[in-house]
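Results of the structural survey
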Amino acid sequence: MAAQDRNFILLLGAPGAGKGTQAQILQEKLGLPHIATGDLFRYNLSNKTELGLLAKSYMDSGALVPDDVTIKMVADRLTREDCARGAIFDGFPRNLQQAVALEDLLADFGGLDVVVMFTVDDDVVVERISGRRSCRNCGAVYHDSFNPPKQPNVCDVCGNELYQRDDDKPETVKSRLYVYYKQTSPLIGYYFAKGLLEEINAVQPVAAVTADVFKVLSAHGILVAP
Ligand code: AP5
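Now for a look at the structure at hand. (Residues numbered from 1 in each chain as written. Predicted model: local features only at pLDDT ≥ 70, side-chain atom pairs only at ≥ 80, totals over all residues. Heavy atoms only, no water.)

1. Quick word on the overall build of the chain
What the chain contains, in helices and strands, is nine helices and eight strands. Relative to the compact-globule value of 17 Å for 226 residues, the chain shows a C-alpha radius of gyration of 17 Å, a close match. Viewed in the frame of its principal axes, the chain has a C-alpha envelope of about 45 × 40 × 30 Å. Counted over contacts in the chain with a minimum sequence separation of 6, partners at least 24 positions apart contribute 71%. If you sum the accessible surface of the chain, you get close to 11,600 Å²; carbon and sulfur atoms cover 53% of it. Each charge class in the chain was averaged separately, 23 positive and 29 negative side chains, and the resulting centres sit 3 Å apart. (Helix = DSSP H or I, 4+ residues; strand = E, 2+ residues; numbered from the N terminus. Rg over C-alpha atoms; globule rule 2.2 N^0.38 Å. Contact = heavy atoms within 4.5 Å. Areas by Shrake-Rupley, 256 points an atom, 1.4 Å probe, with all protein chains shown as cover. Lys, Arg positive; Asp, Glu negative; His and termini not counted. Charge placed at Lys NZ, Arg CZ, Asp CG, Glu CD.)

2. Let's talk about the site of the ligand
In the vicinity of the ligand there are 36 residues, among which Thr-21, Ala-63, Arg-94, Arg-132 and Arg-176 approach most closely. Contact distances for the ligand include 2.7 Å between a nitrogen atom and a side-chain N or O atom of Thr-37. Contacts to the ligand include Tyr-142, whose backbone N or O atom sits 2.7 Å from an oxygen atom. Within the complex, the protein chains bury 96% of what would otherwise be the 1,100 Å² of accessible surface of the ligand. Here the element with the most residues in the shell around the ligand is helix 2 (residues 37-46); it accounts for four residues. Looking at the shell around the ligand residue by residue, the class counts come to 16 nonpolar, twelve polar and eight charged. (Near = heavy atom within 4 Å. Polar contact = N/O pair within 3.5 Å; in protein donor to acceptor, adjacent residues only side chain to side chain. Nonpolar A, V, L, I, M, F, W, Y, C, P; charged D, E, K, R; others polar.)

3. Some remarks on the packing of helix 1 (residues 19-30) against helix 9 (residues 206-219)
The geometry of helix 1 relative to helix 9 is characterised by a closest axis approach of 10 Å and an angle of 55° between their N-to-C directions. Classified by the interaxial angle, the pair formed by helix 1 and helix 9 is oblique. Crossing geometry of helix 1 relative to helix 9 is assigned as right-handed. Across from Thr-21, Gln-22, Ile-25, Leu-26, Lys-29 and Leu-30 in helix 1, the residues of helix 9 making contact are Val-206, Val-209, Thr-210, Val-213, Phe-214 and Leu-217. Of the residues contributing to the contact of helix 1 with helix 9, the split by class is eight nonpolar, three polar and one charged. (Axes fitted to C-alpha atoms, helices over the stretch in contact; angles between N-to-C directions. Parallel < 35°, antiparallel > 145°, perpendicular 65-115°, else oblique. Left-handed = near helix turned anticlockwise from the far one by under 90°.)

Shape is all these values report; function is a separate question.
Encoded structure:
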């Protein structure tokens, strides 16, 4: 398959910026898989795998899971057939080492097409994360006030019970933000220098953020059906 037949999109931004929410919408619209390292770790944890238990010891404190483990997990995920046309990355890469590793992984496929940066203030992050409810079964994400499920605590998509993530406690959110500024935010300059960065104001209603993301994708030749 020619490189231009594939689209690799990266969603970058602080915890709670809305990356997962938009990735779910894009996944449906573009028919590309959503590769979210946090979801992959949580999936492993709920299945009590060795990888899941290892990841939990880092996630509980808001720290990053070691690069070798994370990069191998993403490399394995990219070998699956559903990535033949590309993928939407959410939460990976999270530091420069991971960014370089991703470049190597995508070297034969034309590399990343665009990096969409979600800009939000810290107080918005805290408000969003404190009201977030997630589905353990299908991963759908809701918010008590901004995006409530039709029935309280029940997933609209699959009917399973919703829960609050362990790492959404206020003290862990503080550490996650610290880790974001220290380790992940240097990627903003890194991708800007490569001409891939597109900034979006993520402090808007979900539909307005989606509309801005679609505009960016269209400008990069990634077609979004009306
Ligand atoms: P991860 O699961 O990736 O968490 P995160 O990056 O901190 O991002 P979040 O999932 O918290 O937020 P989001 O931006 O997806 O926002 P969402 O759409 O849910 O990582 C968790 C942990 O795993 C890390 O701390 C680390 O330990 C480990 N890990 C993961 N990747 C790793 C890696 N590459 N390397 C090493 N370790 C790694 O939205 C948040 C809330 O806001 C929701 O309630 C939603 O309904 C609401 N909302 C969304 N958009 C809007 C809007 N426009 N208006 C109002 N409300 C909105």
